[in-house]
Amino acid sequence: HAYSLLLNSEYCKKYKGELILRISDTNPSNSYTDSYKLIEEDANWITQNKISKVVFQSDRLENYYAHCLVLLEQGNAYVCDCNSEEASEMIKKGISCTCRNLQNKDQLKRWHKMFTTYHSNEAVVRLKTYLKHKNPAMRDFPIFRINSFEHPKQGKKYRVWPLMNFSVAVDDHELRLTHVVRGKDHYDNTKRQKYI
């Protein structure tokens with residue numbers, strides 16, 4: 001993280017850009033209170049206080065929900081309540097599960113059930129891609145899941161959380177980011193974000 005932050009910082013410095021520090025705290029299971037202060041302190045130290053703006057993803061949940069609703073209404077995403085292992089196996093084989101072909105109105109009902117009825121690991125939102133894609137990681141990957149853990153910043157206010165690729169894709173677009181220097185470990189993630 002320090003390495004890519006430093007590269008982004010140097011790029012901003014060279015071209016008089018704005019450096020945005022994005023705090024990816026959309027997984028209540030691995031977010032903790034002290035990290036907010038520590039990450040910001042470390043980022044300022046690494047960049048010599050060149051951070052222009054700090055964005056906390058957990059403050060942008062309603063925004064992510066709005067974008068997900070659009071995808072569901074367009075038929076570009078679906079709520080899958082299949083057993084996760086069975087769903088993964090079907091996706092590996094390039095086979096569609098029954099959830100994928102439900103009508104949009106049914107998808108919206110399922111989406112609302114994620115906030116009220118479904119429990120953790122019972123449903124995810126998947127982006128509709130190409131089930132025969134040569135790279136299985138690109139096939140109907142999840143973009144939202146349920147996590148009932150208490151969040152250090154949001155408490156119990158939310159239980160449906162975007163996965164990293166979804167929140168990052170929305171942020172990159174809405175924050176009008178022109179360049180993001182990432183490590184090779186995000187090669188497939190970058191492709192997923194382009195799909196979104």
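First things first, this report covers the structure right here in the doc.

Rules of the game
Every residue gets a number counted from 1 within its own chain, in the order that chain's sequence is written. Given that the model is predicted, a residue must reach a pLDDT of at least 70 before its local features are reported, and side-chain atom pairs must reach 80 or more before they are shown or counted; all residues, however, enter totals for whole chains, interfaces and linings. Excluding hydrogens and water, the side-chain values take into account all heavy atoms of the structure. We call a residue buried when its accessible area falls under 20% of the maximum for its residue type, exposed when it is over 50%, and partly exposed in between, using a 1.4 Å probe and counting protein chains only. Comment: elements are numbered from the N terminus, with helices defined as DSSP H or I runs of at least four residues and strands as E runs of at least two. By the convention used here, strands pair only if DSSP detects at least 2 bridges between them. Axis angles are defined between N-to-C directions and span 0 to 180 degrees, where every axis is a line fitted to C-alpha atoms and, for a helix, only to the segment in contact. Angles below 35 degrees are treated as roughly parallel, those above 145 as roughly antiparallel, those between 65 and 115 as roughly perpendicular, and all remaining angles as oblique. The contact definition used throughout considers only heavy atoms, calling two residues in contact when any of these lie within 4.5 Å. The classification used treats Ala, Val, Leu, Ile, Met, Phe, Trp, Tyr, Cys and Pro as nonpolar, Asp, Glu, Lys and Arg as charged, and all other residues, Gly among them, as polar. Aromatic pairs are defined between Phe, Tyr and Trp rings, using the six-membered ring for Trp, whenever the two ring centres lie within 6.5 Å; interplanar angles under 30 degrees are classed as stacked, those over 60 as edge-to-face, and all others as tilted. Geometrically, a charge over a ring is one whose NZ (Lys) or CZ (Arg) sits within 6 Å of the ring centre while staying within 35 degrees of the ring normal.

1. Let's talk about the pairing of strand β5 (residues 142–146)
Item 1. For β5, a buried count of four out of five residues is recorded, marking the element as mostly surrounded by other parts of the structure.
Item 2. As defined by bridge partners, strand β4 (residues 124–127) adjoins β5 across three bridges and the pair is classed as antiparallel. Bridging from a neighbouring strand, Arg-126 pairs with Pro-142 of β5.
Item 3. Strand direction decides the pairing type here: β5 and strand β6 (residues 160–162), joined by three bridges, are antiparallel. Within the sheet, the bridge partner assigned to Phe-144 lies in β6 and is Pro-162.

2. Re the packing of helix α3 (residues 61–74) against helix α5 (residues 104–116)
Item 1. Two elements in contact, α3 and α5, have axes whose closest approach is 8 Å; the angle formed by their N-to-C orientations is 150 degrees. Relative to α5, the element α3 is oriented roughly antiparallel. Residue-level contacts link Tyr-65, Cys-68, Leu-69, Leu-72, Glu-73 and Gln-74 of α3 to Asn-104, Gln-107, Leu-108, Trp-111 and Phe-115 of α5.
Item 2. In terms of residue class, the contact of α3 with α5 is built from seven nonpolar, three polar and one charged.

3. A short note on the packing of aromatic side chains
Item 1. Here the structure, examined in full by the defined rule, presents ten aromatic pairs.
Item 2. Taking the centre distance of 6.0 Å and the plane angle of 75 degrees together, the rings of Tyr-158 and Trp-161 count as edge-to-face. Both residues of the pair, Tyr-158 and Trp-161, count as buried.
Item 3. Ring pairs connect the aromatic residues Tyr-65, Trp-111, Phe-115, Phe-144, Tyr-158, Trp-161 and Phe-166, which therefore count as one cluster.
Item 4. Note that Lys-153 overlies the ring of Phe-56, its terminal NZ or CZ placed 4.6 Å from the centroid.

4. So, unusual backbone geometry
Item 1. For Asn-121, which is not glycine, the phi dihedral falls at a positive 70 degrees.
Item 2. As for its position among the elements, Asn-121 is in the loop between α5 and β4.
Item 3. We classify Asn-121 as exposed; its relative accessible area is 71%.
Item 4. The backbone of Asp-140 shows a phi angle near 35 degrees, a positive value even though the residue is not glycine.
Item 5. Assignment of secondary structure puts Asp-140 in the loop between β4 and β5.
Item 6. Here Asp-140 falls in the buried class, since its relative accessible area comes to 0%.

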